[in-house]
Amino acid sequence: MAACICSRSGFPAFRRSSFPCHGKVFSPSVHLVPRFTVPECSTVFRESSSGQSQHSEKYCLDLVRVRDYEGFICSLLMPVALRRSSIALRAFNVELAQVKDAVSQKTIGLMRMQFWKNAVEEIFRDEPPHQPVTAELWRAVKKHSLTKRWLLRIIKEREKDLDDRAYRSLPELESYSENTQSSLLYLLLESLGVKDVHADHAASHIGKAQGIVTCLRATPYHSRRRRVYLPMDICMLHGVSQEDFIRGSGEQKVRDVVFDIASQAHVHLHHARSFSKNVPLNASPAFLQTVALEDYLERVRRVDFDVFHPSLQKRNPLLPLQLYIKSWKRTY
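Residues numbered from 1 in each chain as written. Predicted model: local features only at pLDDT ≥ 70, side-chain atom pairs only at ≥ 80, totals over all residues. Heavy atoms only, no water.

Engineer: Would you take a moment to explain the overall build of the protein for this structure?
Structural biologist: In terms of regular secondary structure, the protein is built from 16 helices and zero strands. In the protein, which comprises 332 residues, the proportion classed as buried is 54%. Taking the intrachain contacts of the protein between residues at least 6 apart in sequence as the baseline, contacts between residues at least 24 apart amount to 74%. (Helix = DSSP H or I, 4+ residues; strand = E, 2+ residues; numbered from the N terminus. Buried < 20%, exposed > 50% of the residue type's maximum accessible area, 1.4 Å probe, protein only. Contact = heavy atoms within 4.5 Å.)

Engineer: Explanation requested: the confidence of the model for the protein in the structure shown.
Structural biologist: Close inspection of predicted coordinates is inappropriate for parts of the model with low pLDDT. Per-residue pLDDT for the protein has a mean of 88; in total, 85% of the residues score no lower than 70. Low pLDDT (under 50) marks residues 1–49, which in the prediction has 87 contacts with non-local residues, meaning those over four places away or in another chain. (pLDDT = per-residue confidence, 0-100.)

Engineer: In this structure, what is going on with the packing of aromatic side chains? I would like to understand it.
Structural biologist: Each aromatic ring pair is characterised by the separation of its centres together with the angle its planes make. In total, this model carries seven aromatic pairs according to the counting rule given. Relative to Trp116, the ring of Phe92 lies with its centre 5.8 Å away and its plane at 75 degrees, an arrangement referred to as edge-to-face. With Phe92 in helix H4 (residues 83–97) and Trp116 in helix H6 (residues 106–123), this residue pair connects regions lying 24 residues apart in the sequence. Take Trp116: its relative accessible area is 5%, and that puts it in the buried class. Centroid distance Trp150 to Tyr186: 4.7 Å. Interplanar angle 50 degrees. Geometry classified as tilted. With Trp150 in helix H8 (residues 148–160) and Tyr186 in helix H9 (residues 170–191), the pair connects residues that are 36 residues apart, well separated along the chain. By way of ring pairs, the aromatic residues Phe92, Phe115 and Trp116 are connected into one cluster. Across from the ring centre of Tyr229, 4.0 Å away, lies the NZ or CZ of Lys100, which sits over that ring. Seen from the ring of Phe124, Lys148 lies directly overhead, with NZ or CZ sitting 5.7 Å from the centre. (Phe/Tyr/Trp six-rings, centres within 6.5 Å; stacked < 30°, edge-to-face > 60°. Lys NZ or Arg CZ within 6 Å of the ring centre and 35° of its normal.)

Engineer: Looking at this model, I keep getting lost on the pattern of salt bridges. Mind explaining?
Structural biologist: Oppositely charged side chains can form a pair if their charged atoms are brought close together. Following the criterion strictly, the structure yields 29 salt bridges and no others. In this structure, the salt-bridge partner of Arg90 is Asp68, at a minimum N-O distance of 3.9 Å. Remark: Asp68 occurs in the loop between helix H2 (51–67) and helix H3 (69–76) and Arg90 occurs in helix H4; sequence separation between them is 22 residues. Given a relative accessible area of 17%, Asp68 falls into the buried group. What emerges from the salt-bridge pattern is a single network uniting Lys100, Asp101, Asp161, Asp164 and Arg227. (Salt bridge = Lys/Arg side-chain N within 4 Å of Asp/Glu carboxyl O.)

Engineer: I'm lost on the environment of Asp163 in this one. Help?
Structural biologist: Assignment of secondary structure puts Asp163 in the loop between H8 and H9. Residue classification places Asp163 among the partly exposed residues on the basis of a relative accessible area of 42%. Note: C-alpha distance between Asp163 and Lys106 (57 residues apart in sequence) is 7.3 Å. A polar atom in the side chain of Asp163 sits 2.4 Å from the side chain of Lys106. (Polar contact = N/O pair within 3.5 Å; in protein donor to acceptor, adjacent residues only side chain to side chain.)

Engineer: Could you clarify how one ought to interpret the packing of H3 against H4 in this entry?
Structural biologist: A packed helix pair is summarised by two numbers, namely the angle formed by the two axes and the spacing between the axes. Taken N-terminus to C-terminus, the directions of H3 and H4 make an angle of 160 degrees; their axes are 8 Å apart at the nearest point. Compared by their axis directions, H3 and H4 come out roughly antiparallel. Note that H3 runs across H4; the crossing there is right-handed. Residues Gly71, Phe72, Cys74, Ser75 and Leu76 of H3 pack against Arg83, Ser86, Ile87 and Arg90 of H4. (Axes fitted to C-alpha atoms, helices over the stretch in contact; angles between N-to-C directions. Parallel < 35°, antiparallel > 145°, perpendicular 65-115°, else oblique. Left-handed = near helix turned anticlockwise from the far one by under 90°.)

Engineer: What exactly am I supposed to notice about the state of the cysteines here?
Structural biologist: Enumeration over the complete set of coordinates arrives at zero disulfides. Cys215 forms no disulfide, and the closest cysteine sulfur to it belongs to Cys235, at a distance of 9.3 Å. Taking the relative accessible area as the measure of exposure, Cys215 reaches 11% and is therefore buried. By relative accessible area, Cys235 is classed as buried at 8%. (Disulfide = S-S within 2.5 Å.)

Engineer: Honestly, the side chain of Gln181 in this entry has me stumped. Any pointers?
Structural biologist: Structurally, Gln181 is set in helix H9. Dropping the residues within four chain positions of it, Gln181 is found in contact with Asn93, Arg158, Gly207, Gln210 and Gly211.

Engineer: Looking at this structure, I do not really get the environment of Ser327. What am I missing?
Structural biologist: Tracing the sequence through the fold places Ser327 in helix H16 (residues 319–329). By relative accessible area, Ser327 is classed as partly exposed at 22%. Taking C-alpha positions, Ser327 is 10.0 Å from Ala286, a pair spaced 41 residues apart along the chain. Not counting the four nearest positions on each side in its chain, Ser327 is found in contact with Leu77 and Leu288.

Engineer: Is there a simple way to think about the nonpolar core in this case?
Structural biologist: Across soluble globular proteins, nonpolar side chains show a tendency to be buried alongside one another. Counting residues in each nonpolar core, the largest one holds 93 residues, and the members touching the most others are Phe92, Phe245 and Phe287. A domain split of this core shows at least three residues from each of domain 1 (52–164) and domain 2 (165–331). (Core = buried A, V, L, I, M, F, W, Y, C linked by side-chain atoms within 4.5 Å. Domains from an automatic or database assignment.)

Engineer: Could you clarify how one ought to interpret H16 in this entry?
Structural biologist: In an α-helix, one turn spans 3.6 residues; hence positions three or four apart end up facing the same way. Three or more residues of H16 are buried, namely Leu319, Pro320, Leu321, Gln322, Leu323 and Ile325. Buried residues along H16 sit in contact with H3 and helix H15 (289–302). Trailing H16 by a residue or two, Arg330 shows a phi angle of about 60 degrees, which is positive.

As structure tokens, then:
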């Protein structure tokens, strides 16, 4: 989808005073919060048949809980028989995502990516390496006949991202998001047994929204490390330099950059929901992430698109409850 970034007139519905919110917002009393509790891990997954399997399962569970909390909650709300596979896929995604920050040299990062390429090939030969994530991923692949192409596409795109540079344009960020986040959603749909063109279209747009929001959310973290990855075309359009973000500037032109990028994420959420009437109900668990995406976009609107506002660094305590309600309604 071509991104309209020339002016705000390209997004006439996205005014600062009324950032779009499709569907009703649930505003429960804070007294309801203690009544919702995330299931204990021991009740979420069936006991493994061996100590090694238990170790692999727990490793992935802990990894996702620490590194991808929202994905962790979404996985707990998947159908019981699919939770372990969802955690395995998200652990695989986390392992790849953290390579970039974990290595000091690109060469080392490329070596790690090669390991994962080899690991995927070995998984599909029923010879998974002795590593917790690969063991759990092999189990998920065997159980759901997952497509190797999606796994390799995530690795390939993460490998390209090791160049450690800003995205040249918003479409480039969308392409990266499609190849990583959308590919993960395609795998989750496969694990749910969903083969539907409308669900695939929704997954494509949700994945792009996820990638854009992730880029925005990570901006304060990266800026403190003197790195800026926001699309250069949007920054140039508003006369914003990388140094403005490194300084944590709250100038209007910086907020305008965030506004344009956040608006495009909302465009993708709107498109994804336009398919909702035709998407099978059993696909909805794969799309629960939309709750977290809309939550962030609404919060950044409330602070007038100041991406460095302290409130954006805090976790929304009501998010698990909101996810649970959306899961119960089987909508996204």
